[in-house]
Amino acid sequence: MSHALKQVFNKDKTFRPKRKFEPGTQRFELHKKAQASLNAGLDLKVAVQMPPGEEQNDWVAVHVVDFFNRINLIYGTISDYCTEQSCPVMSGGPKYEYRWQDEHKYRKPTALSAPQYMNLLMDWIEVQINNEDIFPTNVGTPFPKNFLPVVKKILSRLFRVFVHVYIHHFDRITQMGSEAHVNTCYKHFYYFVKEFNLIDTKELEPLKEMTSRMCH
């Protein structure tokens, strides 16, 4: 593993503890299946397809947690360069600005700096995926009716992390020699959300040109 990639994986100070799947659970087995597909070098378009006989919500839940962990790591590698001064607005170039809204402090869409937005976003996602009422860990516990709407919101917001990193911090990713890793993670994410129709096309607009070149 290159020194740059070691940095990608070892820089723990900005990260929350990973949400892990308990060994012996159905989710853990699915997680292993998903990892095995990736490790086998399967085409990512094929790797995201649901194995026969599995429940879609289970497959989606495993991937949402995995993407959260991976994208959190990617943002952490550039977080020292994403400051109140460098990124006073959470944006993806001049055309796209993202405002934060939640059920607590920010009830109306609010303009924030990128680091503030990212911290609120990662905290909010962590609360969702650790909420047993939304992401049940016990096999046999049904998923709630609002599971997919919550998942769509999580994934749309995680996509904004890619937008900001690619448009504002890709020079840093390149300097670290991590672009192949980030590109692979992006392609995996993109094929997954397209396979299960989990992000509106208009949300994908900011990276449309790059995506058409990268994900044929």
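Quick caveat, the model's predicted, so the values are computed rather than measured.

Side note on the nonpolar core
Item 1. Of all hydrophobic cores here, the largest spans 60 residues; its most connected members are Phe135, Ile154, Leu155, Phe162, Tyr186 and Phe189.
Item 2. Contributions of two or more residues to this core are made by α4 (56-78), α5 (114-129), α6 (147-175), α7 (179-195) and α8 (208-214).
Item 3. Looking at this core element by element, the count peaks at 13 residues for α6.
Item 4. Phe162 has contacts with Ile71, Ile74, Val182, Cys185, Tyr186, Phe189 and Leu207, leaving out every residue within four places of it along the chain.

Remarks on the UniProt feature "binding site: Zn(2+)" (unreviewed entry) in the chain
Item 1. Residues annotated in UniProt with the feature "binding site: Zn(2+)" (unreviewed entry) correspond here to Cys82, Cys87, His164 and His169. Despite a sequence span of 88 residues, these residues sit close together in the fold, their greatest C-alpha distance being 10.1 Å.
Item 2. Locating Cys87 in the fold gives a position in the loop between α4 and β1 (99-100).
Item 3. Of the residues examined, Cys87 reaches a relative accessible area of 5% and is grouped as buried.
Item 4. Apart from residues lying up to four places away in sequence, Cys87 is in contact with Cys82, Ser113, Ala114, Pro115, His164 and His169.
Item 5. Along the polypeptide, His164 turns up in helix α6.

So, α5
Item 1. With 16 residues, α5 should cover 22 Å at 1.5 Å per step; its first-to-last C-alpha distance of 22 Å lies within 8% of that length.
Item 2. Ala114, Pro115, Tyr117, Met118, Leu121, Met122, Trp124, Ile125, Glu126, Gln128 and Ile129 are the residues of α5 that are buried.
Item 3. Buried residues along α5 sit in contact with α4, β1 and α6.

Side note on the packing of aromatic side chains
Item 1. Summed over all chains, the structure comprises 16 aromatic pairs.
Item 2. Following the ring pairs from residue to residue traces out a cluster consisting of Phe67, Phe159, Phe162, Tyr166, Phe170, Tyr186, Phe189, Tyr190, Tyr191, Phe192 and Phe196.
Item 3. Directly above the aromatic system of Trp124 lies the positively charged group of Arg157, at a separation of 4.6 Å from the ring centroid.

As for the pattern of salt bridges
Item 1. Inspection of the entire model under this criterion finds 5 salt bridges.
Item 2. Of the charged contacts, one joins Arg70 and Asp66 as a salt bridge, the two residues approaching to 2.8 Å between their closest N and O atoms. Linking Arg70 with Asp66, this pair stays in helix α4, spanning 4 residues, or about one helical turn.
Item 3. On the basis of relative accessibility, which here comes to 23%, the residue Arg70 falls in the partly exposed class.

Thoughts on the side chain of Ser91
Item 1. The topology assignment puts Ser91 in the loop between α4 and β1.
Item 2. Those residues in contact with Ser91 that lie beyond four places of it in its chain are Tyr96, Glu97, His164 and His168.

As for α4
Item 1. Counted at 1.5 Å a residue, the expected span for α4 with its 23 residues is 33 Å, and the 33 Å between its end C-alpha atoms agrees.
Item 2. Judged by how many residues are buried, α4 sits mostly within the fold: 20 of 23 residues are covered.

Concerning the packing of α4 against α7
Item 1. Where α4 contacts α7, the axes come no closer than 11 Å and their chain directions differ by 150°. Regarding the angle of α4 to α7, the classification is roughly antiparallel. Relative to α7, α4 is oriented so that their crossing is left-handed. Of α7, the residues touching α4 (which contributes Trp59, Val60, His63, Phe67, Arg70, Ile71 and Ile74) are His181, Val182, Cys185, His188, Phe189 and Phe192.
Item 2. Split by residue class, the contact of α4 with α7 holds 9 nonpolar, 3 polar and 1 charged.

Rules behind the numbers
- Residues numbered from 1 in each chain as written.
- Predicted model: local features only at pLDDT ≥ 70, side-chain atom pairs only at ≥ 80, totals over all residues.
- Heavy atoms only, no water.
- Core = buried A, V, L, I, M, F, W, Y, C linked by side-chain atoms within 4.5 Å.
- Buried < 20%, exposed > 50% of the residue type's maximum accessible area, 1.4 Å probe, protein only.
- Helix = DSSP H or I, 4+ residues; strand = E, 2+ residues; numbered from the N terminus.
- Contact = heavy atoms within 4.5 Å.
- UniProt positions renumbered as here; feature names shortened; annotations may be inferred.
- Expected span 1.5 Å × (residues − 1).
- Phe/Tyr/Trp six-rings, centres within 6.5 Å; stacked < 30°, edge-to-face > 60°.
- Lys NZ or Arg CZ within 6 Å of the ring centre and 35° of its normal.
- Salt bridge = Lys/Arg side-chain N within 4 Å of Asp/Glu carboxyl O.
- Axes fitted to C-alpha atoms, helices over the stretch in contact; angles between N-to-C directions.
- Parallel < 35°, antiparallel > 145°, perpendicular 65-115°, else oblique.
- Left-handed = near helix turned anticlockwise from the far one by under 90°.
- Nonpolar A, V, L, I, M, F, W, Y, C, P; charged D, E, K, R; others polar.

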